[in-house]
Amino acid sequence: NWISSFTLINYIKMEEFKNQGLVDKYFEKSYGWAAFPKVGKFAFMVGVGGADGQVYVKKENGQVEQVGKSKLALVSGGWSHGITVFSEIIFFENEEAFHR
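Residues numbered from 1 in each chain as written. Predicted model: local features only at pLDDT ≥ 70, side-chain atom pairs only at ≥ 80, totals over all residues. Heavy atoms only, no water.

Caption draft 1: Region of the structure containing the overall build of the protein chain. For the protein chain, the helix and strand inventory stands at three helices and five strands. Start at the N end of the protein chain and walk to the C end: the helices and strands fall as β-α-α-β-β-β-β-α. The proportion of buried residues among the 100 residues of the protein chain is 32%. Counted over contacts in the protein chain with a minimum sequence separation of 6, partners at least 24 positions apart contribute 65%. Total accessible area computed for the protein chain in this model is approximately 6500 Å², and 54% of it derives from carbon and sulfur atoms. (Helix = DSSP H or I, 4+ residues; strand = E, 2+ residues; numbered from the N terminus. Buried < 20%, exposed > 50% of the residue type's maximum accessible area, 1.4 Å probe, protein only. Contact = heavy atoms within 4.5 Å. Areas by Shrake-Rupley, 256 points an atom, 1.4 Å probe, with all protein chains shown as cover.)

The following block contains the structure:
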């Protein structure tokens, strides 16, 4: 089972994620995904951040349905400073990976 994640340096909307050729195969093959269109991170020595997102599954008929919401929390160590805003999407290969 695979869980794949893509991070884009700039904040974008869900439609823009779908319009990029880089992730087409994941939208086609995955059972579902969690999309975080706007992730914020602040760092001074230690980085912290987070985001609210939406969770989607693809039904057997191919229709996509939002089935819930999700939260993303980030913590990083090491020398860093600044503020970053980016978008992230996490794909789930199948129902088993989705429920992990």
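Back to the write-up after that little detour.
Caption draft 2: How the structure looks around the pairing of strand β3 (residues 46-58). Here strand β2 (residues 32-44) runs beside β3; their pairing, made up of nine bridges, is antiparallel. Bridge pairing in β3 places Ala43 opposite Gly47. Taken together, β2 and the strand that follows it, β3, pair antiparallel across an intervening segment of one residue, in which Met45 is found at a positive phi of about 70°. Inspection of the sheet shows β3 paired to strand β4 (residues 64-76) by twelve bridges, in the antiparallel sense. Bridge assignment links Gln54 to a residue of β4, and that residue is Lys69. (Pairing = 2+ DSSP bridges.)

Caption draft 3: Here's a closer look at the pattern of salt bridges. Counting across every chain of the model gives two salt bridges. For Lys71, the salt bridge goes to Asp52, with nearest N and O atoms at 2.8 Å. With Lys71 in strand β4 and Asp52 in strand β3, this residue pair connects regions lying 19 residues apart in the sequence. Between Glu65 and Lys59 there is a salt bridge, with the nearest N and O atoms lying 3.3 Å from each other. (Salt bridge = Lys/Arg side-chain N within 4 Å of Asp/Glu carboxyl O.)

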